[in-house]
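# Descriptive analysis of the structure
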Amino acid sequence: AQTVTQSQPEMSVQEAETVTLSCTYDTSESDYYLFWYKQPPSRQMILVIRQEAYKQQNATENRFSVNFQKAAKSFSLKISDSQLGDAAMYFCAYRISNAGNMLTFGGGTRLMVKP
Amino acid sequence: DVKVTQSSRYLVKRTGEKVFLECVQDMDHENMFWYRQDPGLGLRLIYFSYDVKMKEKGDIPEGYSVSREKKERFSLILESASTNQTSMYLCASSLNRPPQHFGDGTRLSIL
């Protein structure tokens with residue numbers, strides 16, 4: 001069975017600074033997707049960024065980027081120039097490419113942003 | 001924009017009651033999912049459906065059942081609610097490719 005581990009239950013960052021959230025996963029598959037979802041207090045789960053395992057280039061979406069280390073099975077999220085609106089729960093998720101779009105989620109990291 | 005609507009934002013029920021959580025999506029998605037979210041455990045898949053009247057068990061199906069009579073609607077049923085089913089429930093839908101689109105969640109309390 002696939003597992004996804006987020007080792008940091010809580011993180012805090014000063015506004016305008018950079019923070020990195022860690023995620024590791026365990027799989028024997030070679031073809032898969034990885035995702036970071038954000039869940040603000042409004043509870044709406046929002047897709048932040050995705051990475052296909054076959055792509056060597058790290059995905060980037062504006063202030064959000066990932067460090068994908070396939071051999072190490074690591075998928076960290078870097079948030080640059082942190083804003084108050086980035087405060088949320090962040091979930092790392094994994095999907096096998098041919099698994100009917102089912103996701104396996106990590107336990108989540110609560111990010112606090114200090115003004 | 002994809003819209004996934006869950007019928008209740010908050011719900012309080014009593015032990016032993018039969019509880020229905022409803023989810024509707026407006027994008028003709030084949031796949032629909034029910035997750036349970038608990039602190040430190042993330043989201044865990046209860047059931048999913050890949051077509052009308054089709055369902056598959058997820059990681060924690062015990063104590064739950066589902067119904068999908070129409071493509072746009074996916075219902076989660078707690079046959080006899082227990083206090084350990086107090087949780088946040090999230091519905092999602094998708095095509096046969098990423099991403100999944102989520103509803104706003106139902107916070108269910110069983111007293």
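Relevant structure appears above.
The structure displayed is predicted, hence computed values, not measured ones.

## Remarks on the overall build of chain A
The secondary structure content of chain A amounts to 0 helices and 12 strands. When the helices and strands of chain A are placed in sequence order, the string is β-β-β-β-β-β-β-β-β-β-β-β. On C-alpha atoms alone, chain A measures out to a radius of gyration of 14 Å, which is about the 13 Å that the 2.2 N^0.38 rule sets for 115 residues. Overall, chain A is about 40 × 25 × 20 Å in size when its C-alpha atoms are taken along their principal axes. A buried classification covers 50% of the 115 residues belonging to chain A. In chain A, once contacts between residues fewer than 6 apart in sequence are set aside, the share between residues at least 24 apart is 55%.

## Some points on the packing of aromatic side chains
Per the stated rule, a full pass over the model turns up 16 aromatic pairs over all chains. Arranged with centres 6.3 Å apart and planes meeting at 80°, the rings of A:Phe68 and A:Phe75 form a pair that is edge-to-face. A residue is classified by how much of its surface remains accessible, and A:Phe68, at 8% relative accessible area, is buried. In textbook terms, an aromatic cluster arises when at least three aromatic residues are bridged by ring pairs, as seen for A:Tyr33, A:Phe35, A:Tyr37, A:Phe91, A:Phe105, B:Phe33, B:Tyr35, B:Phe48 and B:Phe102. The aromatic ring of B:Tyr10 is capped on one face by A:Arg43, whose charged end is 5.1 Å from the ring centroid.

## Considering the pairing of strand S5 (residues 42-51) of chain B
Residue and element names in this part refer to chain B. Judged by how many residues are buried, S5 sits mostly within the fold: 7 of 10 residues are covered. Inspection of the sheet shows strand S4 (residues 31-38) paired to S5 by 7 bridges, in the antiparallel sense. Of the residues in S5, the one forming a bridge with Trp 34 is Tyr 47. Adjacent in sequence and paired antiparallel, S4 and S5 are bridged by 3 residues, among which Gly 40 carries a positive phi angle near 80°.

## As for the nonpolar core
Counting 27 residues, the largest nonpolar core has A:Leu21, A:Tyr25, A:Trp36, A:Phe75, A:Leu77, A:Tyr90 and A:Leu111 as the members making the most contacts within it. Looking at this core, the elements that each hand over two or more residues are strand S2 (10-14), strand S3 (19-21), strand S5 (32-39), strand S6 (46-52), strand S8 (64-69), strand S9 (74-79), strand S10 (88-96) and strand S12 (109-114) of chain A. In terms of residue count, S10(A) provides more of this core than any other element does, 5 residues in total. With 20 residues, the next largest nonpolar core counts B:Leu11, B:Tyr47, B:Leu78 and B:Ala81 among its residues.

## Some words on the sheet that holds strand S3 (residues 19-25) of chain B
Residues and elements named next belong to chain B. Within the open sheet, the 4 strands sit side by side as S1-S3-S8-S7. Their pairing is antiparallel. Looking at the sheet topology across the chains shown, the edges are occupied by strand S1 (4-6) and strand S7 (64-70). Ignoring strand direction, the axes of neighbouring strands in this sheet form an average angle of 20°. The pairing of S1 with S3 spans 3 bridges and is classified as antiparallel. Across the sheet, residue Thr 5 finds its bridge partner in S3, namely Val 24.

## Some remarks on the interface of chain A and chain B
Accessible area lost on assembly of the parts is the figure often given for the size of an interface. Between chain A and chain B, the residue contacts involve 19 residues of the former and 27 residues of the latter. Interface area, chain A with chain B, both sides summed: about 1,800 Å², of which 51% is carbon and sulfur. At the boundary of chain A and chain B, one finds 0 salt bridges. Linking chain A with chain B are 7 residue pairs in polar contact (both at pLDDT 80 or more), by the criterion used here.

## Quick look at the side chain of B:His29
One can find B:His29 in the loop between S3 and S4. With residues near it in sequence (within four places) discarded, B:His29 still touches B:Val2, B:Arg68, B:Lys71, B:Ser93, B:Ser94, B:Leu95 and B:His101.

## Regarding the environment of B:Ile77
All names here are of chain B. Mapping Ile 77 onto the fold places it in strand S8 (residues 73-78). Look at Ile 77 and you get buried, because its relative accessible area is 10%. In this structure the C-alpha to C-alpha distance between Ile 77 and Tyr 64, which are 13 residues apart in sequence, comes to 5.7 Å. In this structure, Ile 77 is in contact with Lys 18, Val 19, Phe 20, Gly 63, Tyr 64, Ser 65, Val 66 and Ser 67, ignoring residues within four places of it in sequence.

About the criteria used
Residues numbered from 1 in each chain as written. Chains lettered and ligands numbered in written order. Predicted model: local features only at pLDDT ≥ 70, side-chain atom pairs only at ≥ 80, totals over all residues. Heavy atoms only, no water. Helix = DSSP H or I, 4+ residues; strand = E, 2+ residues; numbered from the N terminus. Rg over C-alpha atoms; globule rule 2.2 N^0.38 Å. Buried < 20%, exposed > 50% of the residue type's maximum accessible area, 1.4 Å probe, protein only. Contact = heavy atoms within 4.5 Å. Phe/Tyr/Trp six-rings, centres within 6.5 Å; stacked < 30°, edge-to-face > 60°. Lys NZ or Arg CZ within 6 Å of the ring centre and 35° of its normal. Pairing = 2+ DSSP bridges. Core = buried A, V, L, I, M, F, W, Y, C linked by side-chain atoms within 4.5 Å. Axes fitted to C-alpha atoms, helices over the stretch in contact; angles between N-to-C directions. Buried area = accessible area lost by both parts, 1.4 Å probe. Salt bridge = Lys/Arg side-chain N within 4 Å of Asp/Glu carboxyl O. Polar contact = N/O pair within 3.5 Å; in protein donor to acceptor, adjacent residues only side chain to side chain.

Purely spatial values, then, with no claim about function.
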